[in-house]
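Working through the structure, step by step
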Amino acid sequence: MSKQAVRRSFDRAATSYDAAATLQRQVCHLLLGTLDATAPARILDAGCGTGHALGLLARRWPQARIAAADFAPAMVAAAGGGRIPGICADIESLPFADASFDLYWSNLSFQWCDAGRGIGEAARVLAPGGLLAVSSLAPGTLAELDSAFAGTDRHRHVLALPPADDLAAACVDFGLTAVRLIHQTLRIHHRELRSLLRELKALGANQLLGPRRPGLMGRQTWQTVEQRYEAMRETAGLPATFEVVLCLATKPTS
Ligand SMILES: C[S@@+](CC[C@H](N)C(=O)[O-])C[C@H]1O[C@@H](n2cnc3c(N)ncnc32)[C@H](O)[C@@H]1O
């Protein structure tokens, strides 16, 4: 996966993201629900996108100083429309001093990063006693699309996501404790395959479909994929599964 391509996709999606981000909002609320009532004085939203979580975090902890970072400039600009200014930065290399935050928050950005580098940076910028709350996507995400594409050509059409355990292992490697993984399977439905693909593009998540995207394939292949997906139709529509993982951990005080 090319980091440049991921950044470009999110940059282009900054104006369409909010209208398409139903699942992202759902996961955001799940993640918020896992946090106990500590009162973090300094919070970082890493991979803040358009800044939806910033308002929620500020309402939950009105006294906290909140910072936001994202590597897509247009996302940072969108997030900056609120009260909290964003910084254009890579989660894998954060421009913050060691021990700068009491809560490191990241909703659905880690699937685009190297888990080791991302968690390493999170552990570095967390102060002793600080809490890490990260959500990501695990293998099995878009499984229906993967199986509809299977064998149509020699390419993979759904990105191979790293196992959720990589996040927990990275937390342990970087000295975080009380590591907890919570798995949740979420499913959305679409009226047709094209609307699922349009939504992924509107979210900037079209890189989940890998470098050979559906628009580039032949008519015959497309028809095969559509027919296979149609065979999976449920009463609510065409299903798309998202395997969500929430990762919680603490930086020890000594
Ligand atoms: C699915 S969106 C989630 C946005 C937001 N956290 C939310 O809950 O709506 C993923 C975000 O992560 C950002 N992102 C992905 N990889 C990143 C990286 N390496 N460094 C900083 N931001 C990154 C993208 O630009 C995008 O805004």
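Cut-offs used in this document
- Residues numbered from 1 in each chain as written.
- Predicted model: local features only at pLDDT ≥ 70, side-chain atom pairs only at ≥ 80, totals over all residues.
- Helix = DSSP H or I, 4+ residues; strand = E, 2+ residues; numbered from the N terminus.
- Rg over C-alpha atoms; globule rule 2.2 N^0.38 Å.
- Buried ≥ 20, exposed ≤ 12 C-beta atoms within 10 Å, placed from the backbone.
- Pairing = 2+ DSSP bridges.
- Axes fitted to C-alpha atoms, helices over the stretch in contact; angles between N-to-C directions.
- Contact = placed C-beta atoms within 7 Å.
- Near = placed C-beta within 6 Å.
- Parallel < 35°, antiparallel > 145°, perpendicular 65-115°, else oblique.
- Left-handed = near helix turned anticlockwise from the far one by under 90°.
- Right-handed = clockwise from strand over helix to strand, strands pointing away.

**Let's talk about the overall build of the protein chain**
Within the protein chain one finds 10 helices and seven strands. Its C-alpha atoms give the protein chain a radius of gyration of 18 Å, within 12% of the compact-globule value 18 Å for 254 residues. Once the C-alpha set of the protein chain is aligned to its principal axes, its extents read approximately 60 × 35 × 35 Å. Among the 254 residues that make up the protein chain, the fraction classed as buried is 42%.

**Notes on the sheet that holds strand β5 (residues 126-137)**
Taken in spatial order, the seven strands of this open sheet run β3-β2-β1-β4-β5-β7-β6, and their pairing is mixed. Looking at strand neighbours, the two that pair on one side only are β3 (86-88) and β6 (177-190), the edges of this open sheet. This sheet shows a mean twist of 15 degrees between the axes of neighbouring strands, independent of strand direction. Inspection of the sheet shows strand β4 (residues 101-107) paired to β5 by six bridges, in the parallel sense. Opposite F101, over in β5, you have L126 as the bridge partner. Each of β1 (42-46), β4 and β5 is contacted by helix α6 (residues 115-125), which is oriented at about 150 degrees to β5, the strand it contacts most.

**A few points about the site of the ligand**
In the region of the ligand, 22 residues are neighbours, and F10, G47, G49, F71 and S109 sit closest. Mapped by element, the contributors of at least two residues to the shell around the ligand are α1 (3-13), α3 (22-34) and α4 (52-60).

**As for the packing of α3 against α4**
Running from amino to carboxyl end, α3 crosses α4 at an angle of 25 degrees, the nearest separation of the two axes being 11 Å. Classified by the angle between their axes, α3 and α4 sit roughly parallel to one another. In the packing of α3 onto α4, the handedness of the crossing is right-handed. Along the contact surface, α3 presents R25, C28 and L32, while α4 presents H52, A53, L56 and R60.

**As for the pairing of β4**
Counted residue by residue, β4 has seven buried out of seven residues, so it is predominantly covered. The pairing of β1 with β4 spans three bridges and is classified as parallel. In the strand pairing of β4, D45 is matched with W105. Taken together, β4, α6 and β5 constitute a β-α-β crossover, and its handedness is right-handed.

**Structural notes on the environment of R65**
As for its placement among the helices and strands, R65 is situated in strand β2 (residues 65-70). Measuring from C-alpha to C-alpha, the distance between R65 and F101 comes to 9.2 Å, with 36 residues separating the pair along the chain. Ignoring any residue separated from it by four or fewer positions in sequence, one finds R65 in contact with A41 and R42.

**What about α6?**
Every buried residue of α6 is accounted for by A115, G118, I119, E121, A122, A123 and V125. Those residues of α6 hidden inside the fold are in contact with β1, β4, β5 and α8 (165-173).

**Some details on the packing of α6 against α8**
Where α6 contacts α8, the two axes come as close as 9 Å, and the packing angle between them is 45 degrees. On the basis of their axis angle, the class for α6 and α8 is oblique. The handedness of the crossing between α6 and α8 comes out as right-handed. Between α6 and α8, the residues in contact are A115, G116 and I119 and D166, L167, A170, C171 and D173, respectively.

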